[in-house]
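Listed here are the chains, written in short residue letters.
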Amino acid sequence: CWKIISFTVGEPQTTSNNPTTLVPLKTLVHTLPLALSYLLYMLITMEAVRGINVPMYTTLRRTTVAFTMIVEYLLTGQKHSLPVVGSVGIILLGAFLAGARDLSFDAYGYAVVFIANICTAAYLAFISRIGRSSGLSSFGLMWCNGIICTPILLFWTSFRGDLEVTMNFPLLFYPGFQVVMLLSCIMAFLINYYVFLNTILNSALTQTICGNLKDLLTIGLGWLLFGGLPFDLFNIVGQALGFLGSCFYAYCKLQGK
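The structure displayed is predicted, hence computed values, not measured ones.

Trainee: Go over the packing of helix 4 (residues 64-76) against helix 6 (residues 107-134), please, and point to the residues and values.
Mentor: At their nearest, the axes of helix 4 and helix 6 sit 8 Å apart, and the two run at 45 degrees to each other. The angle between the axes of helix 4 and helix 6 places the two elements in the oblique class. The two elements helix 4 and helix 6 cross, and the hand of that crossing is right-handed. Only Phe114, Asn117, Ile118, Thr120, Ala121, Ala122, Ala125, Phe126 and Arg129 of helix 6 make contact with helix 4, whose side of the interface consists of Thr64, Phe67, Thr68, Val71, Leu75 and Thr76. Among the residues forming the contact of helix 4 with helix 6, the class breakdown is nine nonpolar, five polar and one charged.

Structure, rendered in structure tokens:
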């Protein structure tokens, strides 16, 4: 409303007359697949975390790169060069090596994780596709996503009783909790913004591989801060291969391959 940010790319924003949406209804409907894929991605990922142990969850989640390549091809016809496919293969090999010591099979848990991978791939592919076809910027896509998802989530949390539990939380209005909640919201906004921005400027596959790079930092911080993680050669080699595959992918993109 104050023209501080624009919801479109490269041109002055054309707003609707409705101050609630700030975008034309047609554009809002155009982003509906993105919002629905986001809801599925979020809900199924939460279930996947509870389904299996963390090492296998991390391992199976890295296979999202393969699903992303497939979904990109199906939705946008995007094809990748042989070096890029090879870098993805190295990442997958590293993922399975990292989890080779913990192959406790759980059919339900595995199925939920793979469904979460498909939802993640579809969500990122829709960001890339709708971001280009709608002319919306990262802010515009996030706004439309929030406008659609907020009433659905409010209804769902009310139906499940989560909203009532939240309102009855004894420390809800405690200043310390409010500060932490505010910082959490700011961090969530920044994460979402950069996911949207990276996916629009580069590709869904690039965003997926960038997401995998965080595992190296996560494991390193885990060793330094929490300790207790036993040394395992398969895990070390797998992590190194995953990092190497990600670096090779970056090199291929820089070389225009």
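From this point, the narrative continues.
Trainee: Lay out the packing of aromatic side chains with the relevant residues and their values.
Mentor: Taken as a whole, this structure holds 13 aromatic pairs when the rule is applied. Look at Phe139 and Phe189: their rings are 6.4 Å apart centre to centre, the planes differ by 25 degrees, and that puts the pair in the stacked class. Of this pair, Phe139 sits in helix 7 (residues 138-160) while Phe189 sits in helix 9 (residues 175-201), placing them 50 residues apart in sequence. For Phe139, a relative accessible area of 26% translates into the label partly exposed. Plain terms: the ring middles of Phe189 and Tyr193 are 6.3 Å apart, the flat faces sit at 15 degrees to each other, and that makes the pair stacked. Placement of the pair is Phe189 and Tyr193 together in helix 9, with a separation of four residues, close to one helical turn. Judged by relative accessible area, which is 18%, Tyr193 ranks as buried.

Trainee: Break down the layout of surface pockets for me, with residues and values.
Mentor: Here the second largest pocket is characterised by a volume of approximately 700 Å³. Considering the residues around the second largest pocket, the lining is formed by 17 residues, among which Met42, Met46, Leu153, Thr157 and Asp162 are closest to the centre. Residue assignment for the lining of the second largest pocket shows that the elements contributing at least two residues are helix 2 (32-51), helix 7, helix 8 (162-167) and helix 9. For the lining of the second largest pocket, the residue count by class is 10 nonpolar, three polar and four charged.

Trainee: Give a detailed account of the nonpolar core, specifying residues and quantitative values.
Mentor: Residues Leu34, Tyr123, Leu124, Ile127, Leu141 and Phe196 are the most contacted members of the largest nonpolar core, which totals 28 residues. Looking at this core, the elements that each hand over two or more residues are helix 2, helix 6, helix 7 and helix 9. Per-element accounting of this core gives the leading share, eight residues, to helix 6. Not counting residues up to four positions away in its chain, the partners in contact with Leu141 are Thr31, Leu34, Ile127, Ile130, Gly131, Ser134, Leu136, Phe196 and Ile200. Counting 11 residues, the second-largest nonpolar core is a separate cluster that includes Ile44, Ala48, Met56 and Tyr57.

Definitions and cut-offs
- Residues numbered from 1 in each chain as written.
- Predicted model: local features only at pLDDT ≥ 70, side-chain atom pairs only at ≥ 80, totals over all residues.
- Heavy atoms only, no water.
- Axes fitted to C-alpha atoms, helices over the stretch in contact; angles between N-to-C directions.
- Helix = DSSP H or I, 4+ residues; strand = E, 2+ residues; numbered from the N terminus.
- Parallel < 35°, antiparallel > 145°, perpendicular 65-115°, else oblique.
- Left-handed = near helix turned anticlockwise from the far one by under 90°.
- Contact = heavy atoms within 4.5 Å.
- Nonpolar A, V, L, I, M, F, W, Y, C, P; charged D, E, K, R; others polar.
- Phe/Tyr/Trp six-rings, centres within 6.5 Å; stacked < 30°, edge-to-face > 60°.
- Buried < 20%, exposed > 50% of the residue type's maximum accessible area, 1.4 Å probe, protein only.
- 1 Å grid on protein atoms, 1.4 Å probe; cavity = no way out; pocket = protein on both sides within 12 Å on 5 of 7 lines; lining within 4 Å.
- Points joined across faces, edges and corners; volume = space filled by probe spheres on them.
- Core = buried A, V, L, I, M, F, W, Y, C linked by side-chain atoms within 4.5 Å.

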